[in-house]
There are 2 protein chains.
Amino acid sequence: MDRTKFVLDEKKMPTRWYNVLADLPEPLPPVLHPATGKPVTPDDLAPLFPMELIKQEMSTERWIEIPEEVQDIYKLWRPTTLFRAHRLEKVLDTPAKIFYKYEGSSPPGSHKPNTAVAQAYYNKKEGIKRITTETGAGQWGSALSFAGACFDLEIKVYMVRISYNQKPYRRIMMEVWGGKCVPSPSSDTKAGRDMLAKDPDCPGSLGLAISEAVEDAVSRDDTHYSLGSVLNHVLLHQTINGLETKKLMEIAGAYPDIIVGCIGGGSNFAGLFLPFIRDKIDGTKPDLRIINVEPASCPTVTRGPYAYDFGDEAGLTPLLKMYTLGHGFIPPPVHAGGLRYHGMAPIICHLHKLGLVEARAEHQLATFKAGITFARTEGIISAPEPDHAIKVVIDEALKCKESGESKTILLAHSGHGHVDMAAYDAYLSGKLKDYDYPYEKIDESLKDLPSV
Amino acid sequence: MDRTKFVLDEKKMPTRWYNVLADLPEPLPPVLHPATGKPVTPDDLAPLFPMELIKQEMSTERWIEIPEEVQDIYKLWRPTTLFRAHRLEKVLDTPAKIFYKYEGSSPPGSHKPNTAVAQAYYNKKEGIKRITTETGAGQWGSALSFAGACFDLEIKVYMVRISYNQKPYRRIMMEVWGGKCVPSPSSDTKAGRDMLAKDPDCPGSLGLAISEAVEDAVSRDDTHYSLGSVLNHVLLHQTINGLETKKLMEIAGAYPDIIVGCIGGGSNFAGLFLPFIRDKIDGTKPDLRIINVEPASCPTVTRGPYAYDFGDEAGLTPLLKMYTLGHGFIPPPVHAGGLRYHGMAPIICHLHKLGLVEARAEHQLATFKAGITFARTEGIISAPEPDHAIKVVIDEALKCKESGESKTILLAHSGHGHVDMAAYDAYLSGKLKDYDYPYEKIDESLKDLPSV
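Just so we're clear, the structure is a prediction, and the values are computed from it rather than from any experiment.

Conventions used here
- Residues numbered from 1 in each chain as written.
- Chains lettered and ligands numbered in written order.
- Predicted model: local features only at pLDDT ≥ 70, side-chain atom pairs only at ≥ 80, totals over all residues.
- Heavy atoms only, no water.
- Helix = DSSP H or I, 4+ residues; strand = E, 2+ residues; numbered from the N terminus.
- Rg over C-alpha atoms; globule rule 2.2 N^0.38 Å.
- Buried < 20%, exposed > 50% of the residue type's maximum accessible area, 1.4 Å probe, protein only.
- Contact = heavy atoms within 4.5 Å.
- Areas by Shrake-Rupley, 256 points an atom, 1.4 Å probe, with all protein chains shown as cover.
- Lys, Arg positive; Asp, Glu negative; His and termini not counted.
- Charge placed at Lys NZ, Arg CZ, Asp CG, Glu CD.
- Axes fitted to C-alpha atoms, helices over the stretch in contact; angles between N-to-C directions.
- Parallel < 35°, antiparallel > 145°, perpendicular 65-115°, else oblique.
- Nonpolar A, V, L, I, M, F, W, Y, C, P; charged D, E, K, R; others polar.
- Buried area = accessible area lost by both parts, 1.4 Å probe.
- Salt bridge = Lys/Arg side-chain N within 4 Å of Asp/Glu carboxyl O.
- Polar contact = N/O pair within 3.5 Å; in protein donor to acceptor, adjacent residues only side chain to side chain.
- Least-squares fit on C-alpha atoms with pLDDT ≥ 70 in both.
- Pairing = 2+ DSSP bridges.
- Right-handed = clockwise from strand over helix to strand, strands pointing away.
- Phe/Tyr/Trp six-rings, centres within 6.5 Å; stacked < 30°, edge-to-face > 60°.
- Lys NZ or Arg CZ within 6 Å of the ring centre and 35° of its normal.
- Expected span 1.5 Å × (residues − 1).
- Bend = angle between axes of the 7 residues up to and from the residue.
- 1 Å grid on protein atoms, 1.4 Å probe; cavity = no way out; pocket = protein on both sides within 12 Å on 5 of 7 lines; lining within 4 Å.
- Points joined across faces, edges and corners; volume = space filled by probe spheres on them.

(A) Geometry of the overall build of chain A. Counting secondary structure elements, chain A contains 18 helices and 15 strands. Its C-alpha atoms give chain A a radius of gyration of 21 Å, within 12% of the compact-globule value 22 Å for 452 residues. Overall, the C-alpha framework of chain A stretches about 60 × 50 × 45 Å when taken along its three principal axes. Residues classed as buried in chain A amount to 63% of the 452 residues present. Sequence-distant contacts in chain A: of pairs separated by 6 or more residues, those separated by 24 or more amount to 76%. Of the accessible surface of chain A, which amounts to about 16000 Å², a share of 50% is contributed by carbon and sulfur atoms. Separation between the mean location of the 51 positive side-chain charges and that of the 58 negative ones in chain A comes to 4 Å.

(B) Quick peek at the packing of helix α15 (residues 364-378) of chain A against helix α17 (residues 421-428) of chain A. Residue and element names in this part refer to chain A. Contact geometry of α15 with α17 gives a least axis separation of 11 Å together with a crossing angle of 105 degrees. In terms of orientation, α15 and α17 fall into the roughly perpendicular class. Only A423, Y424, Y427 and L428 of α17 make contact with α15, whose side of the interface consists of L365, F368, K369, G371 and I372. Looking at side-chain class alone, the contact of α15 with α17 contains 7 nonpolar, 1 polar and 1 charged residues.

(C) Spatial organisation of the interface of chain B and chain A. If you look at the interface, chain B gives 45 residues, while chain A gives 45 residues. Of the roughly 4000 Å² buried at the junction of chain B and chain A (both faces included), carbon and sulfur atoms supply 59%. Put simply, chain B and chain A have 6 salt bridges between them. A salt bridge links D425(A) to R171(B); the nearest nitrogen and oxygen atoms lie 2.9 Å apart. Applying the counting rule to chain B against chain A returns 25 residue pairs in polar contact (both at pLDDT 80 or more). The set of elements that each furnish at least two residues to the side of chain B that touches chain A consists of α3 (68-74), α6 (139-151), α8 (168-176), α15 (364-378) and α17 (421-428) of chain B. Of all the elements, α8(B) adds the most residues to the side of chain B that touches chain A, at 6 residues. In the side of chain B that touches chain A, the residues fall into 25 nonpolar, 6 polar and 14 charged.

(D) Examining the relation of the copies chain B and chain A more closely. The transform that puts chain B on chain A rotates by 180 degrees and translates by 0.0 Å along the axis, for an RMSD of 0.0 Å. When the rotation and shift are considered jointly, the pair of chain copies conforms to a two-fold rotation axis. Of all interface residues in chain B, 100% are interface residues in chain A too; the two copies therefore contact each other through one and the same surface.

(E) Looking closely at the packing of α15(A) against helix α16 (residues 384-403) of chain A. All names here are of chain A. Between α15 and α16, the least distance of the axes is 7 Å, while the angle of their chain directions is 85 degrees. The angle between α15 and α16 places the two elements in the roughly perpendicular class. Contact residues: A366, T367, F368, A370, G371, T373 and F374 in α15; P384, D387, H388, I390, K391 and I394 in α16.

(F) A look at the pattern of salt bridges. The final tally for this structure, using the stated rule, is 57 salt bridges over all chains. With a shortest N-O distance of 2.8 Å, E244(A) and R78(A) are connected by a salt bridge. Residue E244(A) is found in helix α11 (residues 232-251), and its partner R78(A) is found in the loop between α3 (68-74) and β4 (82-84); the two are separated by 166 residues along the sequence. Judged by its relative accessible area of 0%, E244(A) falls in the buried class. Judged by its relative accessible area of 0%, R78(A) falls in the buried class. Between D395(B) and K391(B) there is a salt bridge, and its shortest N-O distance comes to 2.6 Å. A residue pair is termed a helical-turn pair when its members lie 3 or 4 positions apart in one helix, as D395(B) and K391(B) do in helix α16 (residues 384-403) at 4 residues. Members of the salt-bridge network, linked through shared partners, are R130(A), E154(A), K156(A), D188(A) and D216(A).

(G) Highlighting the pairing of strand β12 (residues 306-310) of chain A. Residues and elements named next belong to chain A. Most of β12 is tucked away, with 5 of its 5 residues classed as buried. Inspection of the sheet shows β12 paired to strand β13 (residues 319-323) by 5 bridges, in the antiparallel sense. For Y306, the partnering residue across the bridge sits in β13 and is Y323.

(H) Region of interest: the pairing of strand β7 (residues 154-160) of chain A. Residues and elements named next belong to chain A. For β7, a buried count of 6 out of 7 residues is recorded, marking the element as mostly surrounded by other parts of the structure. As paired elements, strand β6 (residues 130-135) and β7 share 6 bridges and run parallel to each other. Counted as the bridge partner of E134 is Y158 from β7. Once the chain exits β6 it traverses helix α6 (residues 139-151) before rejoining the sheet at β7, and the crossover so formed is right-handed.

(I) Local environment of the packing of aromatic side chains. Using the criterion set out here, one finds 35 aromatic pairs over all chains in the structure. Between F83(A) and Y100(A), the ring centres sit 4.8 Å apart and the planes meet at 5 degrees, which makes this aromatic pair stacked. Placement of F83(A) in strand β4 and of Y100(A) in strand β5 (residues 97-102) is noted, with a sequence separation of 17 residues between them. Owing to a relative accessible area of 0%, Y100(A) belongs among the buried residues under this scheme. Plain terms: the ring middles of Y255(A) and F276(A) are 5.7 Å apart, the flat faces sit at 70 degrees to each other, and that makes the pair edge-to-face. With a gap of 21 residues between them, Y255(A) in the loop between α11 and β10 (258-262) and F276(A) in helix α12 (residues 267-281) connect regions that are remote in the sequence. The class for F276(A) is buried, based on a relative accessible area of 0%. Ring pairing ties together the aromatic residues Y74(A), W77(A), F146(A) and W177(A), which thus form one cluster. Here the basic side chain of K285(A) rests over the ring of Y255(A), its NZ or CZ set 4.3 Å away from the ring centre. When the ring centre of F276(B) is taken as reference, the NZ or CZ atom of K246(B) above it lies at 5.8 Å.

(J) Highlighting α12(A). Residues and elements named next belong to chain A. Given a rise of 1.5 Å per residue, 15 residues ought to cover 21 Å, and the 20 Å separating the end C-alpha atoms of α12 matches this to within 8%. A maximum bend of about 45 degrees is found in α12 at L274, where proline P275 lies one to four positions downstream. Counting buried positions over the 15 residues of α12 gives 13, a clear majority of the element. Two residues or fewer past α12, G283 is found with a positive phi of approximately 90 degrees.

(K) Here's a closer look at empty space enclosed by the protein. Residue and element names in this part refer to chain B. Evaluation of the coordinates by the stated rule reveals 4 cavities of 30 Å³ or more. In this structure, the largest cavity encloses a volume near 60 Å³. What lines the largest cavity is Y18, N19, V20, L21, Q56, E57, S59, N232, L235, L236, L274 and I347. Listed by contribution, the elements that provide at least two residues to the lining of the largest cavity are α2 (51-58) and α11 (232-252). Along the lines of polarity and charge, the residues of the lining of the largest cavity split into 7 nonpolar, 4 polar and 1 charged. Roughly 50 Å³ of internal volume is contained in the second largest cavity.

(L) Fine view of the sheet that holds strand β1 (residues 5-6) of chain A. Strand order in the open sheet made by the 7 strands is β1-β4-β5-β15-β10-β11-β14 (chain A), with mixed pairing throughout. Each edge of the open sheet is held by one strand with a lone partner, namely β1 and β14 (358-362) of chain A.

Now the structure itself:
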C-alpha cells in the first residue's frame, strides 16, 4: 500500500508566513472607520492590538518572518501530518485520491493556536500583561489560554453564557492552562451589568461577549484585545498550515485538483488554501478548484450580499467589506458553533468576488453522517465544523466514481470532536434536525447596512 | 534550541512485536486452572480467545511478526512521536533531560488500540463476527469499538453503570465507531438479570461487567471475549511502542537512565519498557532504572503480597501469579479509573520480584498538580493516569537539580485527558481529596487467597 502519512521534519517547518495581499489581482477593499467612512489608521487600532499585528493587518509584503519564539512553541505540535485517506477511498470505491491535513494534534485540538501563539507573543513583546477575548463554544478561548500559558500572560475570556453552562469541558481546559473564563453577560463590565439589569437570565451572545472583551481591554493600559478569525493578520498566521501542506503534497508527488474546507470566520481554510491560490492567480494552476463549505443555516457567502458591515453584533468594530447576513443575524443553533457567524474574512470574500474560489452550503444531518463515515474509516472523530467539509469531499469523490476520474482532493481538517460528543449523541439518537436560512425573516440589520 | 520532536518515518515502523518471555532470567510462573491447580492448556482458553492469541500468550519466541493488515491500521496514527520536554525542564530549572513518548494521538486518545486492533484482526481471521468486553471509564471499550470498525466486527461493551451514567462521552465515542454499549448490570445476561433482581439500582462493578461479557461470549459460537490489559499477549502488542521509542532515542542520541510510567493493568508501561529491559537483563545497561507508578489508594505492587489470585472480582478467570490486593478489593474512587485494579500484569510482577523494576505509589492531588504543570509547559492536557508518572518524573528531575546530575528521564505518556476534564475541574475547585489504602480494612479475599 502507498503511504498513509506524510510528515515534515520540524527542521523543515516554514519560517515565514505567506501574505496573499502581495499577490491579489485587485487590492482588498480597505477597512473603514464607522464614524468617518474613511480607511482606519494604525492609531485607530492601537488601543486594541500591538503595533506589530496592526502592521501585519495592513502589510503587502509577501513574506513575514515567524519569530523564533513563536516557532519554538509551534514545534510542540507542528508541522502537522498530511494523511492519505486510503480507507475512506476504499469504502467509497472511488478512483479519487483523498488527502487531509489534520490540525487536531495541537494541544487545544484545532488550528486556533497557530494565531493565538503569535498574537500572545507580539502582545508580550509590547509589554502587555493581559489579553481579553470572547468565545462561543470555547475553541478560541481555550487556544488563547494555552498561548497565554506559553508567554506568561493573563487571559480573560468572556464566554457566551449558554455555552458556558452547556459546554463546561472547554471552560475547564482554559482553567487548566491558567486562563480566567466568565460567563457573558458578566458583572465585570458595564455592558454586562447593563444587560444583567435588563435580563438577569440573559443567555448571552457572541456580540455581547465581544462588547465586554473590548470594553475590558480599552479600560486598562496593561490589556489588549484579541480576535480568533476574520482579520488579515489571523489568516496570515494560519498560512503556516498551507505552506507545510504544499511541501508535503510535493513529497507525496501530488497536487490537488480540488481543495475543500469549512468556513466560519474563514481562518482555518484560508490558512490552508492561500499558499495554493497563488498558483491559480499566477496562472500556473488555472484549473485548481477551491470549495468553501458553510452551513445551510448560516449561508454567508452563498446567500449574503457583498457589502460593508460590522464584524460584531453590537456595531463596535470597524466596517469590513464582506458577504454578510447582517450583523444582527443570530444563526440557528446548529452544533458547528465555529461556523455560526454572520460575516466572513474579507480576504475570502474578495477572492470569491473575483471568481477565484467557490462556496457551497450544507445541512447538518448530512455532515454528521459524513463525519461518522470518516470516523469508521480513518479513525478520527472530527469536530462538527470539519464534518461540513468532509461531506463535500465525499460528494466530490463519488462524482469521480461516476465519471471515472482520478482527481486529487485535499481536505483542510480543522480539528477533533472529543469535546463535541454531545452533538454526535444527538445525531445518533435522532434528536438533531436541519435548519434552513430564514429567508422569510431576513435580519433587520441586513436591510439597513451601514452606508459608507 | 535542540529538537523538540523525534519522528519515525512510517516505513521504519517496527514489523515485529518483542516477546520478553524469550529473555527472562527465570521463567514466568504459569497461569493455573482454578479447578485443577494445573497450568491452563490452550483448549481451556479456546472458548474465549482465537488460537493465535492463545499461542502468543504462551509463546517464548523472541519476535512475533505483526500482520500486514494490523500494520496498515497502526499507520493511521503510528509511529507516535517522542518529545523532548524543553519547556518543562526550563520551568523546573533542572539539568535533567526529559523525554516523553506520547500515545494520545491515536483515534481513541491512548495506547489501547495497539492491542485492540491486533485482537480484532486475529478474531476476524478465525471467523469470529462479534467480540464482547467490559469497560470501566470507557478507554478500553472505545479502543475496541474503533478496532471493530476497522475489521467490520460487532463490538458489545458492558460498561460499569455508574461510569455509563457519569461519563457519557466515552459511550458516545463507542457508538460513533459502531460499537454497542450497555450499562452493567444489564438485562442481556443471566449474571446481569440476577443482580438487577437483587438490586435494581446496582451501580455495577468491573468484576460484574467481566462476568457479563464472558457469559455473553461463551454462550454464542460467533462471539469471543477480549481483555485490554494484564495478559502476556496484550503486553506483547504494546511493545510496538517501546520498539519505536528505542529507535527514536537512538536518533536523539540518548539512552534513558530512568524510565517512568503509570501502571493499572500494566500494559502501557510494559509496552514501553520491555524492549529496554532486555538491555538490563543482558548486562548492557545494568544501571537502567524502571519506575512503575501506581495510586497510593490502590498500591498493588508496593503493598500487595505476590500470590496466585483471580483476575476478576467474580473469580471466573484462571489464576494469575501477581501482586494483588485481593480480587474482592474495590479501590477508592480516584479519578485515574485506569489504575483502579486489584492485580497487575504477571510479567511486571515477575520482573519486580526479580528486582529488575521498582514501584512507587502516589496520591492523586499531587498527580493533578503535576499534570497542570505539564499542561502549562508542554501544552498537552494529560489523562489522570499518566499524571501519576509525570509526578514522579518531576520528582526525579528535581533530584537532579539538587545533585547537579544531568540524567536522561523517559516518560511513558499513555494519553490525553480531553474526556477527563471533570476530574481537573474537581481538582481546580478544591473538591478532590486523597485516599490512602485502607489498611484497617484489608479485603477478605486477600486473607483467603486461592490455595494452589
